[in-house]
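Structural description and commentary
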Amino acid sequence: MLVFGLEGSPRKKGNTRFLLSAFMAEAEKRGAETRVVHAHEMPVSPCIECGVCERKGVCSIDDKMQQEIFPLLRRAEVVVLASPVFFYNITAQLKAPVDRSQTLWSCRYRLGLADPLHKTRKGLLLSVGATKGKSLFEGIHLTARYFFDAISAKYAGGLTYFKIEAPDDMEKHPTYRQEIEEMADALINPLMERRKILFAGRENACRSQMAAAFAQYHAGDRIEALTAGSAPAEKVAPGMKEVMAEKGIDMGFRFPRAIDAVVARDKPDTLIAMGCDAAAGEASSPARIDWDLPDPVGQGLDAMRKVRDEIEKKVLALVDSPDG
Ligand SMILES: Cc1cc2nc3c(=O)[nH]c(=O)nc-3n(C[C@H](O)[C@H](O)[C@H](O)COP(=O)(O)O)c2cc1C
């Protein structure tokens, strides 16, 4: 289960990074995988309002947002937005990726597609500011609320700290540690308690991707659905995104992953194999079930639709069974 932190301070040893690292350390203690992007170190271009995302659901700017941040936002089940207050809002460095999330807003609201994790994903705000006025965090809360809505995350609220200015002020704060721990308990623990099912294929480009997405979509509250392949392709199969969009499901920014790394990290309880090598994923010996499904890649969209529907039926039966 991925916890992704997107952080906006330009200070390497500042308060926001300190607070975010403390939260990420708690997430790791509870077994989550964590990734952090510091916006200051991974500059992305601002949105140019070209309108491509509203028509096609993709962004016209090919940069780190496209290559790294969108895929992390899609895979993460907890997203943390962390920023100091600069003029009553997030920093300019962080505003660029937040504005670029308009692509995900467009997928949701213009194209009517649902991200498979839309009912599961949570968003948390961490913020600090130097002063103590009542409205100090109002702007940042609003930005966070609409950012989380765009990325299909339920806003879980924020931990915000007044009178934090010198780089080590946060560290000296008397209650932050307990608050971070309580927030981690509330957000991370229920997600880590779910049953883990790994849907595995050879290339992890089509059937296993669709199966994991259906499991997330129909039962993400009860099941952590992972997906990987024994010989992962570079990209998902052509046509797969289109046939899933016909079911209202958004498969954008999903990439094949290697099975051994996923098994070693996430230790799934059950492995559903569809076309992957016999030995793959057996490192931790999860219970294995084989699904006999034809490979529709290269067989045209109708073949892919048939397999998609078959997969959805199997996933629905699985998630309602004791194995699910
Ligand atoms: C350009 C700039 C704008 C700021 N604007 C505000 C502000 O509007 N309100 C406030 O309380 N603090 C403001 N601050 C102070 C920072 O929020 C504060 O020093 C914070 O602790 C910095 O966090 P960091 O160490 O994570 O960078 C501003 C600081 C800078 C450099």
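Every chain is numbered on its own, with residues counted from 1 as its sequence reads. The predicted nature of this model means local features are confined to residues of pLDDT at least 70 and side-chain atom pairs, given and counted, to a pLDDT of 80 or more, with totals for whole chains, interfaces and linings taken over all residues. Calculation of side-chain values draws on the structure's entire complement of heavy atoms; hydrogens and water are dropped beforehand.

Now for helix α8 (residues 207-219). Because each turn of an α-helix spans 3.6 residues, side chains separated by three or four positions in sequence point in the same direction. Its 13 residues place the ends of α8 18 Å apart at the C-alpha level, agreeing with the 18 Å of an ideal helix rising 1.5 Å per residue. In this scheme, a residue with accessible area under 20% of its type's maximum is buried, one over 50% is exposed, and one in between is partly exposed, where area comes from a 1.4 Å probe on protein chains only. Secondary structure elements follow DSSP: runs of H or I no shorter than four residues count as helices, runs of E no shorter than two count as strands, and numbering proceeds from the N terminus. Within α8, eleven of the 13 residues are buried, leaving the element largely enclosed by the surrounding structure. All of the buried residues along α8 are R207, S208, Q209, M210, A211, A212, A213, F214, A215, Q216 and A219. Turning to α8, the residues buried within the fold contact β6 (195-201), β7 (223-229), α9 (240-245) and α11 (301-319). In this scheme, a helix's expected span is set at 1.5 Å multiplied by one less than its residue total. Contacts are assigned to residue pairs with any non-hydrogen atoms lying within 4.5 Å of each other.

Following the sequence through the fold, R207 ends up in helix α8. Not counting the four nearest positions on each side in its chain, R207 is found in contact with M274, G275, L293, P294, D295, P296, V307 and I311.

Once that is clear, we can look at the site of the ligand. The rule for a residue being near a molecule or strand is that one of its heavy atoms must lie within 4 Å of it. Near the ligand you find 17 residues, and of these S9, T16, V85, T131 and I164 are the closest. F87 places a polar main-chain atom, nitrogen or oxygen, 2.9 Å from a nitrogen atom of the ligand. A 1.4 Å probe and the Shrake-Rupley method give the accessible areas. Residues count as covered only by the protein chains that appear here. For the ligand, whose unbound accessible area comes to 650 Å², protein coverage reaches 78%. Partitioning the shell around the ligand into residue classes produces nine nonpolar, six polar and two charged. By the criterion applied in these results, polar contacts are pairs of N or O atoms within 3.5 Å in which, for protein atoms, one can donate a hydrogen and the other can accept it, and in which residues neighboring in sequence qualify only through two side-chain atoms. Under the convention adopted here, Pro, Cys and the residues Ala, Val, Leu, Ile, Met, Phe, Trp and Tyr are nonpolar, Asp, Glu, Lys and Arg are charged, and Gly plus all remaining residues are polar.

Moving on: the environment of G31. Topologically, G31 is positioned in the loop between α1 (15-29) and β2 (33-38). For G31 and V79, which are 48 residues apart along the polypeptide, the C-alpha to C-alpha distance reads 16 Å. Among all residues touching G31, those that are not within four sequence positions of it are M192 and R265.

It is worth spelling out the pattern of salt bridges at this point. Throughout this description, the term salt bridge denotes a Lys or Arg side-chain nitrogen within 4 Å of a carboxyl oxygen of Asp or Glu. Enumeration according to the criterion identifies 27 salt bridges in this entry. K172 is paired through a salt bridge with D168; the nearest N and O atoms lie 3.8 Å apart. Looking at K172, the relative accessible area reads 58%, which means it is exposed. On the accessibility criterion, D168 (34% relative accessible area) is partly exposed. Shared partners join several salt bridges into a network, and the residues in it are E26, K29, R30, R177, E181 and D185.

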